[in-house]
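One letter stands for each residue in the lines below.
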Amino acid sequence: MNRFTPGFCALLLCSLTLILALGLGGAIVLGQQSAIEPEVLQYLYADMVLYNGKVMTVDDKFSIAQAVAVRDGKILAVGETALIQKLAGPKTVRIDLQGNTVTPGFIDTHSVGAEGSHAPAGPYWMKNYTSYHCDVLDDCLRKIKTSVDKAAPGEWVFVNLDRTGAVYKLNVQMLDSVAPNHMLLVNLDNTTGFVNSKALATLKDDMSDEYVLSGLFTDKDGKYDGRVTGAAYGILSYEIIPFPEGAQLEEMIQNEMVRRKFINRMGVTALGTRTSGLTITILRELQRRGQMPMRVRLHTEFPRLNPRTERWAKRLGNLMQVGDEWFKIAGATIDSIDGAGGHFTRKAQRELSDTGFGAYGQNKWVETVKPGMDWKKYGDYAIGLTVAKYGWNISDLHIQGDGGVQLFLEMMDEANKVSPVKGRRFGMVHGLMRPPDLQKRLAGYDTVLSMSSEYLFRGEGVDRLARKYGADEVAGMSPIRGIIDSGMKPVMEVTNTARWKAGGGMSGRQEGPPPEFSKFFDDQNLYLTAMELFVTRKNMKTGKVWGPNERATRQEVLKMATTWASYYHQDEKILGSIEPGKLADFVILGGDYMAVPEEKISDMPILKVILGGKVTYDKDRDEQWFQEESKSSKTYKFRPVGG
């Protein structure tokens, strides 16, 4: 007999209405009514209850409960253990927290290293991809030739070189001499590269475009010298370099699945990342297969170094927030102003390195057009204005230096004249230099700042910063306290690209292509470590505290990782806190988050991760698999990496 009759549905609706009207106590009484059929009762019980713990709701009052009930992937109720347990039925999954902490699932707002991501940084999927460091021109050419000699004639060869002064001496004639029969692209910094004649010829159909021509450097005789940047580089890296297919693409999909499992094991249940078309393809396929252990927020790179952004915007329309609770477009990103290394500053640096940067660092927006061209017209400054005009927000924009922030604000001021920017939640990542005068202007536009603990607190990089800017100046960098006090809601990112191991991409460098790739990314507490470092501001290597007056509280860093991060992606109505009606994404930590010493936050074990009311990671159930996967080296057929 079919119980799903109009009468049954009406009874169920009335029952649910009565529960909501009476509260949890009403649910208890209702559950005792013999007149309610068992078929109805099973639809009133929770699917899961977590009880006997410290539930950090991260709501507006930062209240702490004992238990939480989940129904249909959403939070049904939050409260005391005795009441929440009354919502459990015979089929309810019961998790005794035994005094441990439950937090909302962590939301990483800027994750790097995804398969196919950062297309200008190098197509890691390419069979003929290598990466090197060289300080002398002859050594650069020798290493490039080593890679070329391993490739079959007619194939693409991609060589990534660290940016040094020697690299800028390359030209098309030199590259033709080491690669006469291949298409060769030598990448410097995600924006600029050098090509040989055969690679340059692939741009012949685009050379009538003045924007493409603005990125093709010429010698004194007006001939192309092999340096390719800006729009020309964007066409090469996004549209001309071969897209992986078949076994290559499937391998990348599998690598990404394992990577995501390791990230989810860190407590991350939602992740924002800048995405090339290839990355979107891979992530979407994982989601289609039901193998994505987290929610995804895409910051699409379609405008980045794209001379035809206005055409694309007209064809695509405004796709902001298109998607669902699992997979959604959160913004569009353009080219970095300075990225992570060559900070574009307002004050001259004390120490200059042999990288080609000037005293004020690197302004990529200026560098991505050849001398004599108007960089505001032909570069990503103009592209950003176009994106804003068509209703997109600019998000996941790499800016480290205060000069870069000031330039970004200049663009915001101009964009605001055409289409209101305030409230659009434009976002910048990394967060090194955010001085007080710029904080106020950023707050006026409701800008969201994604902050990384990477640069001051994780090793020797802070010593280099101190030499360049002075210790007093460095102490005020990554100014979480000031940003919060200015009225903004900073968010959390785990950038640490040098430690990404899973599936390829950002590995440690070594001389010559290794026979096997690095181990999978296995630092489970990396996210908790980032939170701890913003509380202590203590360098992990030296123990020195940098800028103690800029510390955040443990409550604030939890907000950065949860509710404020959901605001960045405009998910605050469905994610980021443990409140009835929101999605049931949780992390169960061993211990009391509010009582553990500040320097021990990162030592708290992650016991379980729950996504949409389903346990995606259980330490007792799953950890053996992760340990075995972490210990085994993986050989990747399509991604040899050099030194």
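The rules behind these values
- Residues numbered from 1 in each chain as written.
- Predicted model: local features only at pLDDT ≥ 70, side-chain atom pairs only at ≥ 80, totals over all residues.
- Heavy atoms only, no water.
- Helix = DSSP H or I, 4+ residues; strand = E, 2+ residues; numbered from the N terminus.
- Expected span 1.5 Å × (residues − 1).
- Buried < 20%, exposed > 50% of the residue type's maximum accessible area, 1.4 Å probe, protein only.
- Contact = heavy atoms within 4.5 Å.
- Core = buried A, V, L, I, M, F, W, Y, C linked by side-chain atoms within 4.5 Å.
- Pairing = 2+ DSSP bridges.
- Axes fitted to C-alpha atoms, helices over the stretch in contact; angles between N-to-C directions.
- Disulfide = S-S within 2.5 Å.
- Salt bridge = Lys/Arg side-chain N within 4 Å of Asp/Glu carboxyl O.

Caption draft 1: Geometry of helix 16 (residues 402-418). Taking 1.5 Å of rise per residue, the 17 residues of helix 16 would be expected to cover 24 Å, and the 25 Å separating its terminal C-alpha atoms lies within 8% of that figure. Here helix 16 has its buried residues at Asp-402, Gly-403, Gly-404, Val-405, Leu-407, Phe-408, Leu-409, Met-411, Met-412 and Ala-415. Tucked into the core, helix 16 has its buried residues touching helix 13 (364-367), helix 14 (375-378), helix 15 (380-389), strand 18 (397-399), strand 19 (427-430) and helix 17 (436-444).

Caption draft 2: Molecular detail of the nonpolar core. If you look at the biggest cluster of nonpolar residues, it comprises 129 residues, and the most contacted ones within it are Phe-106, Phe-408, Val-474, Met-492, Met-531, Val-557 and Tyr-593. Dropping the residues within four chain positions of it, Tyr-593 is found in contact with Met-56, Thr-101, Met-531, Arg-554, Val-557, Leu-558, Ile-601 and Met-604. Counting 21 residues, the second largest nonpolar core, distinct from the first, contains Val-167, Val-178, Leu-184 and Leu-188.

Caption draft 3: Representation of the sheet that holds strand 9 (residues 129-132). Strand order in the open sheet made by the six strands is 9-10-11-12-14-13, with mixed pairing throughout. Every other strand in the sheet has two partners, leaving strand 9 and strand 13 (216-218) as the edge strands with one partner each. Neighbour to neighbour, the strand axes of the sheet diverge by 25 degrees on average, direction disregarded. Here helix 5 (residues 137-149) sits on the sheet in contact with strand 9, strand 10 (156-161) and strand 11 (183-187), set at roughly 145 degrees to strand 10. Along the sheet, helix 9 (residues 230-240) contacts strand 10, strand 11, strand 12 (192-195), strand 13 and strand 14 (224-229); its crossing angle with strand 14, the most-contacted strand, is approximately 75 degrees.

Caption draft 4: Representation of the environment of Glu-285. The residue Glu-285 is located in helix 11 (residues 277-289) in this model. Residues Glu-285 and Glu-250, spaced 35 residues apart in sequence, show a C-alpha to C-alpha distance of 9.8 Å.

Caption draft 5: Representation of the state of the cysteines. Overall, the coordinates contain one disulfide when judged by the stated rule. Each sulfur of the disulfide joining Cys-134 and Cys-140 lies 2.0 Å from the other. On the sign convention where negative means left-handed, the S-S torsion of about 100 degrees between Cys-134 and Cys-140 marks this disulfide as right-handed. Neither residue differs from the other here; Cys-134 and Cys-140 are each classed as buried.

Caption draft 6: Focus on the pattern of salt bridges. Under the criterion given, the structure shown has 40 salt bridges. Of the charged contacts, one joins Arg-259 and Glu-256 as a salt bridge, the two residues approaching to 3.0 Å between their closest N and O atoms. Of this pair, Arg-259 and Glu-256 both sit in helix 10 (residues 246-265), three residues apart, roughly one helical turn. With a relative accessible area of 1%, Arg-259 lands in the buried category. What makes Glu-256 buried here is its relative accessible area of 0%. Asp-603 serves as the salt-bridge partner of Lys-600, at 3.9 Å between the closest nitrogen and oxygen. A single network of salt bridges, built from pairs that share partners, joins Asp-206, Asp-209, Glu-239 and Arg-308.

Everything listed here is a matter of coordinates, which is why it stays silent on function.
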